[in-house]
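Residue-level listing of the chains:
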Amino acid sequence: MTSVINISKRIVFLSSLFDESDRVGDIGSDHGYLLFLLHNKGVKRLHGVENKKGPFENLKRNLNQFLSPSFTISLNDGINNLPKDLNTLCLSGMGGNNIISILKKGDYSFISKLVLSPHSHYYELREYLQNHNFEIVDEHIIKDDKYYLFLVCSRREKPIKLTDLELKYGPCLLKKRDPIFLFYIEEEINKKKDILAKFNLDNEKIDKLKQEINELNRILHVNNSL
Ligand SMILES: C[S@@+](CC[C@H](N)C(=O)[O-])C[C@H]1O[C@@H](n2cnc3c(N)ncnc32)[C@H](O)[C@@H]1O
């Protein structure tokens, strides 16, 4: 890896969610940019996993000069054969449903922190986390070429039970009401209004869209607490 010029705002932001003391397994490392940034940041234990030969070879080529007994990579399916000295997992740039199916397939009982950046199935992922004793301790949304969501989660004996609205839109995002989150909500409202205006929908679909718009409007206009 010779240059950081092409590393996206998304990956740079993702790297800010880890502490130097985290021992990180990055599942689906692909290009390896996150691992590279974390290595530069001083994270002492790093492990990258890829399940496809092409991306794995690319990963090896990109990171070759940095690899050592404490900076390792492997060709594996998800979290099978995960080194037991890790305490943090990153799963980023994939659907929430894929994140769930990767977590379901292996042992991560020794992992205490998850950093996740799903691009779909947010509700299902938050529900899975809650049901598997992970509490969402922080959430972020950023806009790069599009909106990206990030969840930071800690293992708890009994995580707080989330409401339906929190499962949909995120407990921390709803509480913090960052401007980018509110822009995102506004865009979601406009997208749904466009669909109502442009398509000939049956009554059931119209009612559902109107309900969703009302719910989003309540998030937008509520006075700081939900
Ligand atoms: C779209 S890329 C995202 C790469 C990087 N994490 C990011 O955020 O930019 C998803 C990567 O996950 C890998 N992947 C998907 N399922 C996987 C699995 N079960 N085990 C390991 N890697 C997987 C894919 O091969 C691909 O390289």
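Worth saying up front: this structure is predicted, and the values here are computed from it rather than measured.

Colleague: In this structure, what is going on with the site of the ligand? I would like to understand it.
Modeller: In the region of the ligand, 16 residues are neighbours, and G28, D30, N51, S92 and G93 sit closest. Breaking the shell around the ligand down by element, the ones donating at least two residues are β2 (45-50), β4 (88-94) and α4 (96-104). Considering each element in turn, the shell around the ligand owes the most residues, three residues, to β4. In the shell around the ligand, the residues fall into six nonpolar, six polar and four charged.

Colleague: I'm lost on helix α8 (residues 179-198) in this one. Help?
Modeller: Two residues of an α-helix separated by three or four positions point the same way, owing to the 3.6 residues in each turn. In this model, α8 (20 residues) spans 28 Å end to end at C-alpha, consistent with the 28 Å of a helix rising 1.5 Å per residue. When we look at burial in α8, the residues that qualify are F181, Y184 and I185. Each buried residue of α8 sits inside an arc of 100 degrees when the element is viewed along its axis, so together they form one side. Facing away from the buried side of α8, by more than 90 degrees, are the exposed residues P179, N190, D194, A197 and K198. On its buried face, α8 is in contact with β6 (134-143), β7 (147-155), α7 (171-176) and α9 (203-221).

Colleague: I would appreciate a short explanation of the packing of α8 against α9 in the present structure.
Modeller: Geometrically, a packed helix pair is captured by the angle between its two axes and the distance between the axes. Contact geometry of α8 with α9 gives a least axis separation of 10 Å together with a crossing angle of 160 degrees. In terms of orientation, α8 and α9 fall into the roughly antiparallel class. Taken as a pair, α8 and α9 cross one another with a handedness that is left-handed. Contacts from L182, I185, E186, E188, I189, K192, K193, I195 and L196 of α8 reach α9 at I206, L209, E212, I213, L216, N217, I219 and L220. Broken down by class, the residue content of the contact of α8 with α9 amounts to 11 nonpolar, one polar and five charged.

Colleague: How should the sheet that holds β6 be read in this particular structure?
Modeller: Strand pairing in a sheet takes place through backbone hydrogen bonds and is either antiparallel or parallel in direction. The seven strands lie next to each other as β3-β2-β1-β4-β5-β7-β6, forming an open sheet whose pairing is mixed. Every other strand in the sheet has two partners, leaving β3 (71-75) and β6 as the edge strands with one partner each. If you compare each strand with its neighbour and ignore which way they point, the axes differ by 15 degrees on average. Where strand β1 (residues 23-27) lies against β4, four bridges are found, and the strand directions are parallel. Bridged to I27 within β4 is L91. Contacts from helix α2 (residues 33-41) reach β1, β2, β3 and β4, with the element oriented near 175 degrees to β2.

What counts, and where the lines are drawn
- Residues numbered from 1 in each chain as written.
- Predicted model: local features only at pLDDT ≥ 70, side-chain atom pairs only at ≥ 80, totals over all residues.
- Near = placed C-beta within 6 Å.
- Helix = DSSP H or I, 4+ residues; strand = E, 2+ residues; numbered from the N terminus.
- Nonpolar A, V, L, I, M, F, W, Y, C, P; charged D, E, K, R; others polar.
- Expected span 1.5 Å × (residues − 1).
- Buried ≥ 20, exposed ≤ 12 C-beta atoms within 10 Å, placed from the backbone.
- Arc of directions from axis to C-beta.
- Contact = placed C-beta atoms within 7 Å.
- Axes fitted to C-alpha atoms, helices over the stretch in contact; angles between N-to-C directions.
- Parallel < 35°, antiparallel > 145°, perpendicular 65-115°, else oblique.
- Left-handed = near helix turned anticlockwise from the far one by under 90°.
- Pairing = 2+ DSSP bridges.

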